[in-house]
Amino acid sequence: MSEDLMRAALEAAARGWHVFPLRPGTKRPALHGEAACPRTGVCASGHRKWEQRATIDPDRIRATWSRAPFNVGIATGPSGLVVVDLDMPKNNSSSDAPSGAATFAALCERAGQQVPDTYRTRTASGGEHLYFTAPDGIRLANTAGTIGELVDTRAWGGYVVAAGSRTPAGAYEALCGSVAAPLPSWLQSILEPAPRVPQAPSMAVSGQSHRYADVALTAEARNVATAQLGAREAALFRAARALGRFVAWGDLPRHVVEQALQEAGEAAGLTVAECRSTLRSALNWSITHNQGRRQAA
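Figured I'd write up the structure that's included with this text. These numbers come from a predicted model, not from an experiment. (Residues numbered from 1 in each chain as written. Predicted model: local features only at pLDDT ≥ 70, side-chain atom pairs only at ≥ 80, totals over all residues. Heavy atoms only, no water.)

1. Describing the overall build of the protein
Thought 1: What the protein contains, in helices and strands, is 9 helices and 12 strands.
Thought 2: Contacts in the protein between residues far apart in sequence, at least 24 positions, make up 75% of those at least 6 positions apart.
Thought 3: As displayed, the protein offers around 14,900 Å² of accessible surface, 51% of which is attributable to carbon and sulfur atoms. (Helix = DSSP H or I, 4+ residues; strand = E, 2+ residues; numbered from the N terminus. Contact = heavy atoms within 4.5 Å. Areas by Shrake-Rupley, 256 points an atom, 1.4 Å probe, with all protein chains shown as cover.)

Following this line, the structure appears as structure tokens:
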């Protein structure tokens, strides 16, 4: 078992993926936390977390995995990876709830794209991990439910369990694809942070906030209406997510945003149902995550 796990760690490192040990039989990091940091060795100048300590050094890997049958964690950010995590419904969820894989396949179809062909693993719970190389010059973070129900992503600040690792629930196994494909541009546009709202002057009054919102609504609706085939769904998603903050802040009524983006999406060629589905999920997420208005400087 230890030799198999060491081999899995070395194979991941050979791909340029930075690995670190997980506690045997679990998904939890095996490295010490900040409270227990001895401030020696790699932590001599200050505590280093698992993301900073992940490595591709074969000697360090052999030394670590020779001590115990550690499972293998891959730090996605330092590895230049974005991993799409397609989860399975929980046991206590509705029996007809779609899996993350089904939700993601439906998103791809609505975007006019095939499910990407890339390195893929099966997780211990029966879900899947789709590995992509991260785009240059953009630092993507983890997401949870941004793409859809049971569809999360791991990038900077996140990690995944590598193929070859085992837990009481089962094994992590490579399914297909020997190479991680580049992150598709349409998917990148969904995962990129929503554009920052221009900071209003510190003495801005409510009327100015509404004017910012009106300008943003016009611009986002135009972006959606002029989106090209293959990018329409992503453009609508980003627009709804960007404008949802104005709804949360009381600068725009939700029905006004929905009507404008619904019309823009249909003008771009999306169906009524496609627009409604995307708008509902993206607006709900944005409103939930933007309850507090950013304070003026």
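Following the structure, the description resumes.
2. Some points on the environment of Gln-262
Thought 1: Positionally, Gln-262 belongs in helix 8 (residues 254-268).
Thought 2: For Gln-262, a relative accessible area of 12% translates into the label buried.
Thought 3: Note: C-alpha distance between Gln-262 and Cys-275 (13 residues apart in sequence) is 5.7 Å.
Thought 4: Apart from residues lying up to four places away in sequence, Gln-262 is in contact with Val-272, Cys-275, Arg-276 and Leu-279.
Thought 5: A distance of 3.2 Å separates the side chain of Gln-262 from the backbone oxygen of Val-272, its partner in a polar contact. (Buried < 20%, exposed > 50% of the residue type's maximum accessible area, 1.4 Å probe, protein only. Polar contact = N/O pair within 3.5 Å; in protein donor to acceptor, adjacent residues only side chain to side chain.)

3. Some points on the pattern of salt bridges
Two side chains with opposite charge may pair up if their charged atoms get near one another.
Thought 1: Evaluated as defined, the whole model comprises 6 salt bridges.
Thought 2: Between Arg-62 and Asp-59 there is a salt bridge whose closest N-O contact spans 3.7 Å. Here the residue Arg-62 and the residue Asp-59 both occupy positions in helix 3 (residues 58-65), the gap between them amounting to 3 residues, near one helical turn.
Thought 3: Judged by relative accessible area, which is 40%, Arg-62 ranks as partly exposed.
Thought 4: Glu-173 serves as the salt-bridge partner of Arg-122, at 3.3 Å between the closest nitrogen and oxygen. Of the two residues, Arg-122 sits in strand 4 (residues 120-122) while Glu-173 sits in strand 11 (residues 173-176), which places them 51 residues apart along the sequence.
Thought 5: The partly exposed category is assigned to Glu-173, whose relative accessible area is 39%. (Salt bridge = Lys/Arg side-chain N within 4 Å of Asp/Glu carboxyl O.)

4. Some remarks on the nonpolar core
Thought 1: Ranked by internal contacts, the top residues of the largest apolar core, which has 44 residues, are Val-84, Phe-104, Ile-147, Trp-186, Leu-187, Val-257 and Leu-261.
Thought 2: Listing elements by their share of this core, those giving two or more residues are strand 3 (81-86), helix 4 (100-110), strand 5 (128-133), helix 5 (185-191), helix 6 (206-225), helix 7 (232-248), helix 8 and helix 9 (272-288).
Thought 3: With 8 residues, helix 7 is the single largest residue contributor to this core.
Thought 4: Two domains each donate at least three residues to this core, and these are domain 1 (1-191) and domain 2 (206-289).
Thought 5: With sequence-adjacent residues up to four places away left out, Trp-186 is seen in contact with Phe-104, Leu-107, Cys-108, Ala-111, Gln-113, Gly-230 and Ala-234.
Thought 6: One finds Met-6, Trp-65, Tyr-131 and Ala-163 within the second-largest nonpolar core, a separate group that totals 22 residues. (Core = buried A, V, L, I, M, F, W, Y, C linked by side-chain atoms within 4.5 Å. Domains from an automatic or database assignment.)

5. A few points about the packing of aromatic side chains
Thought 1: This model, assessed by the stated rule, comprises 9 aromatic pairs.
Thought 2: Relative to Tyr-131, the ring of Trp-17 has its centre 5.1 Å away and its plane inclined at 25 degrees; by these criteria the two rings are stacked. Here the residue Trp-17 occupies a position in the loop between helix 1 (2-14) and strand 1 (19-22), and Tyr-131 occupies one in strand 5, the gap between them amounting to 114 residues. With respect to burial, Trp-17 and Tyr-131 carry one shared label: buried.
Thought 3: When the ring of Trp-50 is compared with that of Tyr-159, the centres are 5.0 Å apart and the planes differ by 75 degrees; the resulting orientation is edge-to-face. Within this pair, whereas Trp-50 is found in helix 2 (residues 50-53), its partner Tyr-159 is found in strand 8 (residues 159-161), the two being separated by 109 residues in sequence.
Thought 4: Residue Tyr-159 is classed as partly exposed on the basis of its relative accessible area of 22%.
Thought 5: The structure contains a cluster of three or more aromatic residues connected by ring pairs, namely Trp-17, Tyr-119 and Tyr-131. (Phe/Tyr/Trp six-rings, centres within 6.5 Å; stacked < 30°, edge-to-face > 60°.)

6. A look at the pairing of strand 2 (residues 71-75)
Thought 1: Burial of strand 2 is extensive: 5 of the 5 residues sit out of reach of the surface.
Thought 2: Residues of strand 2 alternate between two faces, with Asn-71, Gly-73 and Ala-75 on one and Val-72 and Ile-74 on the opposite face, all of them buried.
Thought 3: In this sheet, strand 2 lies alongside strand 1 in antiparallel orientation, the contact comprising 4 bridges. Bridging from a neighbouring strand, Phe-20 pairs with Gly-73 of strand 2.
Thought 4: In this sheet, strand 8 lies alongside strand 2 in antiparallel orientation, the contact comprising 3 bridges. Within the sheet, the bridge partner assigned to Gly-73 lies in strand 8 and is Val-161. (Pairing = 2+ DSSP bridges.)

7. A few points about the side chain of Ser-165
Thought 1: Mapped onto the elements, Ser-165 comes out in the loop between strand 8 and strand 9 (166-167).
Thought 2: Take Ser-165: its relative accessible area is 0%, and that puts it in the buried class.
Thought 3: Within polar-contact distance, the side chain of Ser-165 engages the backbone nitrogen of Val-72 at 3.0 Å.

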